[in-house]
Amino acid sequence: MKIYREKDYDAMSRRAAEIIAAEILHDPACVLGLATGSTPEGAYKYLVDWYGKGLLSFKDVLSVNLDEYVGLAPDHDQSYRYFMQSNLFDHVDIVPGNTRVPDGLSKDPGTVCKEYDAYIRSLGYVSLQLLGIGRNGHIGFNEPGDHFVKETHVVDLTESTIDANARFFASREDVPRQAISMGIGAIMGAKKVLLCASGEEKAEAIFNTVCGPISPSCPGSILQLHPNVVLVADETALSKLTAAGVEV
Ligand code: PGA
């Protein structure tokens, strides 16, 4: 695992954006696996800025997002489709039909999950998968459990995730209890993984991901088995690694 140690959130965002931009420049028709949340927001700002300056084009890029809340419409301001539109898609030249986010409103989520995996397989998997990480070590919404779930699936969100995401909703009760998440199979099928983390509250999850036992109790730890992972993190997110003497 290659680790970039950045001084703060902005430096982490810039480095992550550089890696994504390099992927697009190398292969303009690449398949980006995209993430939502506070972590990638800054990287998307850089990408939008570079697009505006004519340095980058998304016109042949395909994207698949990691997850979506069950029960939120695409135009709900906390849905992940809405997040992607407002943070990236609406500001660049990506073709709307080339962007995929799981359908959280479907009456048949089982079929949504199967079709999502079939679509990712049909693309030959993702070229570059961007990941944040939950305080509990989740990647996408693959929550800690007693086994890794390979396929895209409906997941019951843990109390820790509901607590962490309550900041975006009017009240904790408004946070959806379920999500559709890409499974570990599609994430591990990506040719390259870009894991990003910022802040002290991620330090333990990052430590367990990089150094802990490979265990579904920290889903991120499976990335130790992926041959091409880049971790971009700020100093506070790396603090438990550095305290343990791991060279970063
Ligand atoms: P965050 O979420 O980027 O909002 O911290 C990351 C995650 O839960 O995967």
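In what follows, the structure referred to is the one given above.
To keep things clear, this report deals only with the structure shown in the data block. Computed from a predicted structure; not experimentally measured.

### Topic: the site of the ligand
- Taken together, Gly-37, Ser-38, Thr-39, Gly-132, Ile-133, Gly-134, His-138, Arg-167 and Lys-202 make up the full set of residues near the ligand.
- His-138 places a polar side-chain atom, nitrogen or oxygen, 2.6 Å from an oxygen atom of the ligand.
- Take Lys-202: an N or O atom from its side chain is 2.6 Å from an oxygen atom of the ligand.
- Here the shell around the ligand is built from residues that sort into 1 nonpolar, 6 polar and 2 charged.

### Side note on the pattern of salt bridges
- If you walk through the whole model with that rule in mind, you get 8 salt bridges.
- One salt bridge connects Lys-7 with Asp-8, and the closest N-O pair in it is separated by 3.9 Å.
- Asp-163 is the salt-bridge partner of Arg-172, the closest N and O atoms lying 2.6 Å from each other.
- Through salt bridges with shared partners, a single ionic network connects Glu-6, Arg-14, Arg-15 and Glu-18.

### Observations concerning the side chain of Asp-117
- With respect to the helices and strands, Asp-117 occurs in helix H4 (residues 109-122).
- Buried charge without a salt bridge: Asp-117, with Arg-121 as the nearest opposite-charge side chain at an N-O distance of 5.2 Å.
- Among the polar contacts listed, one links the side chain of Asp-117 to the side chain of Thr-152, at a separation of 2.8 Å.
- Ignoring anything within four residues of it in the chain, the contact list for Asp-117 reads Glu-151, Thr-152 and Ala-186.

### A look at the sheet that holds strand E8 (residues 178-181)
- Strand order in the open sheet formed by 3 strands is E4-E8-E7, and the pairing between neighbours is antiparallel. The outermost strands of the open sheet, each flanked by one partner alone, are strand E4 (67-69) and strand E7 (153-156). The mean inter-strand angle of the sheet, taken between neighbouring strand axes irrespective of direction, is 25 degrees.
- Across 3 bridges, the pairing between E4 and E8 is antiparallel. Among the inter-strand pairings, Asp-67 is bridged to a residue of E8, identified as Ser-181.

### Observations regarding the packing of aromatic side chains
- Overall, the coordinates contain 6 aromatic pairs when judged by the stated rule.
- Taking 4.8 Å as the distance between ring centres and 40 degrees as the angle between the ring planes, the aromatic pair formed by Tyr-69 and Tyr-80 counts as tilted. With a gap of 11 residues between them, Tyr-69 in strand E4 and Tyr-80 in helix H3 (residues 80-87) connect regions that are remote in the sequence.
- Residue classification places Tyr-69 among the buried residues on the basis of a relative accessible area of 1%.
- Every member of this aromatic cluster is reached through a ring pair, and the members are Tyr-69, Tyr-80, Phe-141 and Phe-169.
- Here the basic side chain of Arg-100 rests over the ring of Tyr-119, its NZ or CZ set 3.8 Å away from the ring centre.

Conventions used here
- Residues numbered from 1 in each chain as written.
- Predicted model: local features only at pLDDT ≥ 70, side-chain atom pairs only at ≥ 80, totals over all residues.
- Heavy atoms only, no water.
- Near = heavy atom within 4 Å.
- Polar contact = N/O pair within 3.5 Å; in protein donor to acceptor, adjacent residues only side chain to side chain.
- Nonpolar A, V, L, I, M, F, W, Y, C, P; charged D, E, K, R; others polar.
- Salt bridge = Lys/Arg side-chain N within 4 Å of Asp/Glu carboxyl O.
- Helix = DSSP H or I, 4+ residues; strand = E, 2+ residues; numbered from the N terminus.
- Buried < 20%, exposed > 50% of the residue type's maximum accessible area, 1.4 Å probe, protein only.
- Lys, Arg positive; Asp, Glu negative; His and termini not counted.
- Contact = heavy atoms within 4.5 Å.
- Pairing = 2+ DSSP bridges.
- Axes fitted to C-alpha atoms, helices over the stretch in contact; angles between N-to-C directions.
- Phe/Tyr/Trp six-rings, centres within 6.5 Å; stacked < 30°, edge-to-face > 60°.
- Lys NZ or Arg CZ within 6 Å of the ring centre and 35° of its normal.

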